[in-house]
Structure formats: C-alpha cells, structure tokens
Amino acid sequence: MRKAGSKYLLRSIKKNWVSFFAVSFIAATSIAVFLGLNYASTAILDETDA
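The sections below set out a description of the structure shown in this document. Nothing here was measured: the structure is a model prediction, and the numbers come from that model.

Throughout the structure, instances matching the rule amount to 1 aromatic pair. Geometrically, the ring pair formed by Phe21 and Phe25 is stacked, given 6.3 Å between the ring centres and 25 degrees between the ring planes. In this pair, Phe21 and Phe25 both sit in helix α2 (residues 17–49), 4 residues apart, roughly one turn of the helix. A single burial state applies to Phe21 and to Phe25, both of which are exposed.

Below, the structure written as structure tokens:
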C-alpha cells in the first residue's frame, strides 16, 4: 500500500471510529462464537467416542 493510501485509511478510520469499532466488535464476536461452537462440538464428539 502506498503512503498516501495508508494516510487516507487512517484518516477515514479516525473520522468514522464508531462504525469501525462496531464492525470490528461484531466480527470479533462472530469469530469467537464460531470457534467456541466448533471446539465444543469437537469436545462432545471426543467424549462420546471414549
């Protein structure tokens, strides 16, 4: 990425920090729920096989 592009990116994030934070929070929550369900199902299947 060029220097001008990174400056523009940082400026736009600074202007719209609430929207950026909301999207980041929703994405992080979605990833956490997906990983939690995935590992929980793996653990349940391992317990039933034992």
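Still to come is the rest of the account.
On the surface, Lys3, Lys7, Arg11, Lys14 and Lys15 cluster together into a patch of positive charge. On the basis of relative accessible area, Lys3 is assigned to the exposed category, the value being 65%.

Here the focus is helix α1 (residues 3–15). Between its first and last C-alpha atoms α1 spans 19 Å; for 13 residues at 1.5 Å apiece the expected length is 18 Å, and the two agree. Taken across its 13 residues, α1 has 0 buried, putting it largely on the surface.

Rules of the game
Residues numbered from 1 in each chain as written. Predicted model: local features only at pLDDT ≥ 70, side-chain atom pairs only at ≥ 80, totals over all residues. Heavy atoms only, no water. Phe/Tyr/Trp six-rings, centres within 6.5 Å; stacked < 30°, edge-to-face > 60°. Helix = DSSP H or I, 4+ residues; strand = E, 2+ residues; numbered from the N terminus. Buried < 20%, exposed > 50% of the residue type's maximum accessible area, 1.4 Å probe, protein only. Patch = residues over 30% accessible without salt bridge, like charges linked within 9 Å, V, L, I, M, F, W, Y side chains within 5 Å. Areas by Shrake-Rupley, 256 points an atom, 1.4 Å probe, with all protein chains shown as cover. Salt bridge = Lys/Arg side-chain N within 4 Å of Asp/Glu carboxyl O. Lys, Arg positive; Asp, Glu negative; His and termini not counted. Charge placed at Lys NZ, Arg CZ, Asp CG, Glu CD. Expected span 1.5 Å × (residues − 1).

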